[in-house]
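Spelled out, the chains give:
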Amino acid sequence: MPLHIVLFEPEIPNNTGNIGRLSLASGSHLHLVKPFGFELSDKRVKRAGLDYWQHISLTIYDSIEDFYSKNSDKEFAYFSSHGTKTHWDINFKDNLFLIFGKESKGLPEEVTTQNTNNLYKIPLHSHHIRSLNLANAVSIVVYEGLRQLSL
């Protein structure tokens, strides 16, 4: 797998379904970290993922601690509006873990403060919005990564 998409505590089933479809389309592995704001059996997850959900490469974790204990040897890039570098600054490589927070609050503050060297943002060119939809943000980053990896 070239990239790993990680969602910490996703809240909106439609976003998770769309990101699941994106993971399959991009050849990425999807990692979902509980607690979720929905059940994976929710029809909105399935509808957004269409009939592809059963083909998605997926790992589910009971908590953020569980995720880190099972992936302590991996390389991570974190995404937050508080990042000082942009997603264009990432040196993408195979098996990079792209970590996104929950829709309402983003990544936990403890995670962002401990990982400032690997904290990135997607530039926004309007002061009228504070963030992008999670599924859109993941798409932007994943396809920039695939572009760089194919060069």
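Two side chains bearing opposite charge may form a pair once their charged atoms approach each other closely. Scanning all chains against the criterion turns up five salt bridges. Between E75 and K93 there is a salt bridge whose closest N-O contact spans 3.3 Å. With E75 in the loop between α3 (64-70) and β4 (76-79) and K93 in the loop between β5 (85-86) and β6 (96-100), this pair connects stretches of sequence that are 18 residues apart. E75 sits in the partly exposed class, given a relative accessible area of 43%. Since its relative accessible area comes to 32%, K93 is described here as partly exposed.

Moving on to the nonpolar core. Ranked by size, the top nonpolar core spans 27 residues in total, and within it L7, L98 and V138 carry the most contacts. Going through the elements one at a time, β1 (3-8), α1 (13-26), β2 (29-33), β4, β6 and α5 (134-149) are the ones with two or more residues in this core. When residues in this core are grouped by element, the largest group, six residues, is from α5. Once residues lying within four places of it in the same chain are set aside, the contact partners of L7 are T16, I19, L30, H31, L32, V33, F100, L134 and V138.

Positionally, S57 belongs in the loop between α2 (43-49) and β3 (58-61). S57 gets classed as partly exposed once you look at its relative accessible area, which sits at 23%. In sequence terms S57 and G27 are 30 residues apart; their C-alpha atoms lie 8.5 Å from each other. At 2.4 Å, the side chain of S57 and the side chain of H29 are in polar contact.

Further remarks concern the layout of surface pockets. A volume near 600 Å³ is recorded for the largest pocket. Looking at the largest pocket, it is lined by 25 residues, and the ones nearest its centre are F79, S80, S81, G106 and S131. Counting only elements with at least two residues in the lining of the largest pocket, the list comes to α4 (109-114), β7 (119-121) and α5. Partitioned by chemical class, the residues of the lining of the largest pocket number nine nonpolar, 10 polar and six charged.

If you check α5, its first and last C-alpha atoms are 22 Å apart, about what 16 residues at 1.5 Å a residue would give, namely 22 Å. Burial in α5 covers these residues: L134, A135, A137, V138, V141, V142, E144 and G145. Turning to α5, the residues buried within the fold contact β1, α1, β4 and β6. For α5, the capping residue at the N-terminal end is N133, with a side-chain oxygen 2.8 Å from the backbone nitrogen of A135.

Below, the discussion takes up the sheet that holds β7. Taken together, the seven strands give an open sheet; going across it, the order is β3-β2-β1-β6-β4-β7-β5, and neighbouring strands pair in parallel fashion. Each of the sheet's edge strands pairs with one partner strand only, and the pair in question is β3 and β5. As paired elements, β4 and β7 share two bridges and run parallel to each other. From the neighbouring strand, Y78 faces β7, where its bridge partner is L119. Sitting on the sheet, α1 touches β1 and β2, and the angle it makes with β1 is about 170°. Packed onto the sheet, α5 meets β1, β4 and β6 and runs at close to 160° relative to β1.

About the cut-offs
- Every residue gets a number counted from 1 within its own chain, in the order that chain's sequence is written.
- With pLDDT at 70 or above as the cut-off, local features in this predicted model cover only qualifying residues; side-chain atom pairs require 80 or more to be listed or tallied, and sums for whole chains, interfaces and linings still use all residues.
- Side-chain metrics rest on all non-hydrogen atoms present in the structure, leaving aside hydrogens and water.
- Salt bridges are defined as contacts in which a side-chain nitrogen from Lys or Arg sits within 4 Å of a carboxyl oxygen from Asp or Glu.
- Runs of H or I in DSSP of at least four residues are treated as helices and runs of E of at least two as strands, each being numbered from the N terminus.
- Each residue's exposure class comes from its accessible area (1.4 Å probe, protein chains only) as a fraction of the maximum for that residue type: buried when under 20%, exposed when over 50%, partly exposed otherwise.
- By nonpolar core we mean a set of buried residues, namely Ala, Val, Leu, Ile, Met, Phe, Trp, Tyr and Cys, connected to one another through side-chain atoms within 4.5 Å.
- Contacts are residue-level and defined by heavy atoms, with any inter-residue pair within 4.5 Å sufficient.
- We define a polar contact as two N or O atoms separated by no more than 3.5 Å, with the added condition that, inside protein, one atom must be a possible hydrogen donor and the other a possible acceptor, whereas residues neighbouring each other in sequence contribute only through side-chain atom pairs.
- The distinction between a cavity and a pocket rests on a 1 Å grid over the protein atoms alone: a 1.4 Å probe fits inside a cavity but cannot get out, while a pocket stays open yet meets protein on both sides within 12 Å along at least five of seven lines, and a residue with an atom within 4 Å of a point counts as lining.
- Grid points are joined across faces, edges and corners, and a volume is the space filled by probe spheres set on the points.
- Under the scheme applied here, ten amino acids are nonpolar (Ala, Val, Leu, Ile, Met, Phe, Trp, Tyr, Cys and Pro), four are charged (Asp, Glu, Lys and Arg), and all others, including Gly, are polar.
- For a helix, the expected span equals 1.5 Å multiplied by the residue count minus one.
- At least two DSSP bridges between two strands are needed for those strands to be called paired.
- Here an axis means a line fitted to C-alpha atoms, over the contact stretch when the element is a helix, while the angle between two N-to-C directions is reported on a 0 to 180 degree scale.

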